[in-house]
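# Topology and contacts: notes
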Amino acid sequence: MIFKNLPGHIAIIMDGNGRWAKKRNLDRIYGHAEGIKSLKSVVKGVMYYKIKYLTAYAFSSENWQRPEEEVDYLMDLLEQYIEIELPYLIKNKIRLNFIGNLEKLPEKSKTAVLRAVDKTKNGSELTLTLAISYGSKEEILNAVRKISEDVKKKSIDLNDINSQLFSNYLYTAGIPDPDLIIRTSGEERMSNFMLYQAAYAELYFTKTLWPDFRRKNLIIALKNYEKRSRRFGKT
Ligand code: FPP
């Protein structure tokens, strides 16, 4: 499949793992485990099309309120994902990046995350960002706090504050805004994900549950994106 235009950055809200498991009378955790396979499949697809940025919402700042068992399982899955995938990431020049409040992670998970970031820092083919303990409102408020401190310290001037400078204070500093945001499972909302960065993103919603979303579904989303006419507020 050849595309006339492809997004430079795809961000995905991976939703529906619980429902996928429930439909099969399985515990929710099996949905998350299957969801990892979808992530791997999508990473391969994105690499094939030489798309340079992929961001996946793996754990929101609100997800800490889920039952402890499920939270623990998701943290274990994160560590396993890193451990198992690290050689693949390095071999394929994929830079692993994280956005979110990592301070809240258990020490063991945080160590695994920081180690993986360091080991993959020279990756030049794809930046794979996992949003973990991520909330967009928190991210924006943090940026406002840091900017205010810098104004107070006089390291920046009030007049310097523009959208470029603001972007540099977000967790996503250095990463271009997403061109395409995909949400699976039929829900059609942003759920506190990349609210500032999504200003001009094309939104693609599909009823497919995340564990069923594989490379072929990515291609369908890319075909849909290809047809969009992006005007960025212009005529
Ligand atoms: C949403 O489904 C999914 C999540 C909260 C977790 C997403 C996580 C993965 C795909 C695997 C973990 C990946 C890493 C790298 C840790 P849901 O549980 O809200 O599903 P539901 O809406 O059907 O209940």
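Here the residue numbering is sequential within each chain, running from 1 through the sequence in written order. Restriction of local features to residues with pLDDT of at least 70 applies here, the model being predicted, together with a cutoff of 80 or more for giving and counting side-chain atom pairs; totals for whole chains, interfaces and linings are based on all residues. To get the side-chain values, all heavy atoms of the structure are used, and hydrogens and water are removed first.

To continue, consider the overall build of the protein. In DSSP terms, a helix is any run of H or I states spanning at least four residues, a strand is any run of E spanning at least two, and both are numbered starting from the N terminus. The number of helices and strands found in the protein is seven helices and six strands. Whereas a compact globule of 235 residues would reach a radius of gyration of roughly 18 Å, the protein reaches 18 Å, a difference of no more than 12%. Across its three principal axes, the protein shows a C-alpha extent of roughly 55 × 45 × 35 Å. For every residue, the accessible area obtained with a 1.4 Å probe (protein chains only) is divided by the maximum for its type, and the residue is called buried under 20%, exposed over 50%, and partly exposed between those limits. Relative to its 235 residues, the protein shows a buried fraction of 49%. With C-alpha atoms as the basis for the radius of gyration, the globule rule is written as 2.2 Å multiplied by the number of residues raised to the power 0.38.

A separate point is the pairing of strand 1 (residues 9–13). The buried fraction of strand 1 amounts to five of the five residues, a majority that puts the element mostly inside the structure. Here strand 1 shows a buried face lined by His 9, Ala 11 and Ile 13 and a second buried face lined by Ile 10 and Ile 12. Two strands are said to pair when DSSP picks up at least two bridges between them. Alignment of strand 1 against strand 2 (residues 53–60), held across five bridges, turns out to be parallel. When the sheet's bridge partners are listed, Ile 13 is paired in strand 2 with Tyr 57. Across four bridges, strand 1 lies against strand 5 (residues 180–183) in parallel orientation. For Ile 10, the partnering residue across the bridge sits in strand 5 and is Leu 180.

What follows deals with the packing of helix 3 (residues 68–91) against helix 4 (residues 107–119). The geometry of helix 3 relative to helix 4 is characterised by a closest axis approach of 10 Å and an angle of 15 degrees between their N-to-C directions. Considering their axes alone, helix 3 and helix 4 lie roughly parallel with respect to each other. The element helix 3 and its partner helix 4 pack so that their crossing is left-handed. Side by side, helix 3 and helix 4 meet where Met 75, Leu 78, Glu 79, Ile 82, Leu 86 and Ile 90 of the first sit next to Lys 108, Ser 109, Ala 112, Val 113, Arg 115, Ala 116 and Lys 119 of the second. Whenever a helix is involved, its axis is fitted only over the stretch in contact; in every case the axis is a line through C-alpha atoms, and angles between N-to-C directions fall within 0 to 180 degrees. Should an angle fall under 35 degrees it is taken as roughly parallel, and over 145 as roughly antiparallel, whereas 65 to 115 is taken as roughly perpendicular and any remaining angle as oblique. Each crossing gets its handedness from the near helix: less than a right angle anticlockwise from the far helix is left-handed, clockwise is right-handed. The contact definition used throughout considers only heavy atoms, calling two residues in contact when any of these lie within 4.5 Å.

In the vicinity of the ligand lie 17 residues, with Met 14, Gly 18, Arg 19, Arg 28 and Arg 66 positioned nearest. Within the side chain of Asp 15, one N or O atom sits 3.1 Å away from an oxygen atom of the ligand. Only the protein chains shown count as cover for residues, with accessible areas throughout obtained via the Shrake-Rupley method and a probe of 1.4 Å. Protein chains shield 91% of the accessible area of the ligand, which is 620 Å² for the free molecule. Among the cavities detected, the one that contains the ligand is the largest pocket. Any residue with a heavy atom lying within 4 Å of a molecule or strand is counted as near it. Pairing of N or O atoms within 3.5 Å defines a polar contact, subject to two protein rules: one partner must be a possible hydrogen donor and the other a possible acceptor, and residues neighboring in sequence count only if both atoms are side-chain atoms. Lining residues are defined by having an atom within 4 Å of a point belonging to a cavity or pocket. Those points lie on a 1 Å grid over the protein atoms alone, cavities being sets where a 1.4 Å probe fits but cannot get out and pockets being open sets with protein on both sides within 12 Å along at least five of seven lines. Each molecule is assigned to a cavity or pocket provided more than half of its atoms lie within 2 Å of the corresponding grid points.

This part takes up the nonpolar core. Ranked by internal contacts, the top residues of the largest apolar core, which has 46 residues, are Ile 10, Leu 54, Phe 98, Leu 128, Leu 130 and Ile 182. Among the elements that line this core, the one with the most residues is helix 3, at nine residues. Every residue in contact with Leu 130, bar those within four places of it in the chain, is listed here: Leu 39, Ala 56, Leu 78, Tyr 81, Leu 96, Asn 97, Phe 98 and Ile 99. Here the nonpolar core consists of buried residues drawn from Ala, Val, Leu, Ile, Met, Phe, Trp, Tyr and Cys, with membership extended through side-chain atoms lying within 4.5 Å. Formed by 11 residues, the second largest nonpolar core is a distinct cluster that contains Ile 13, Tyr 57, Ile 99 and Ala 131.

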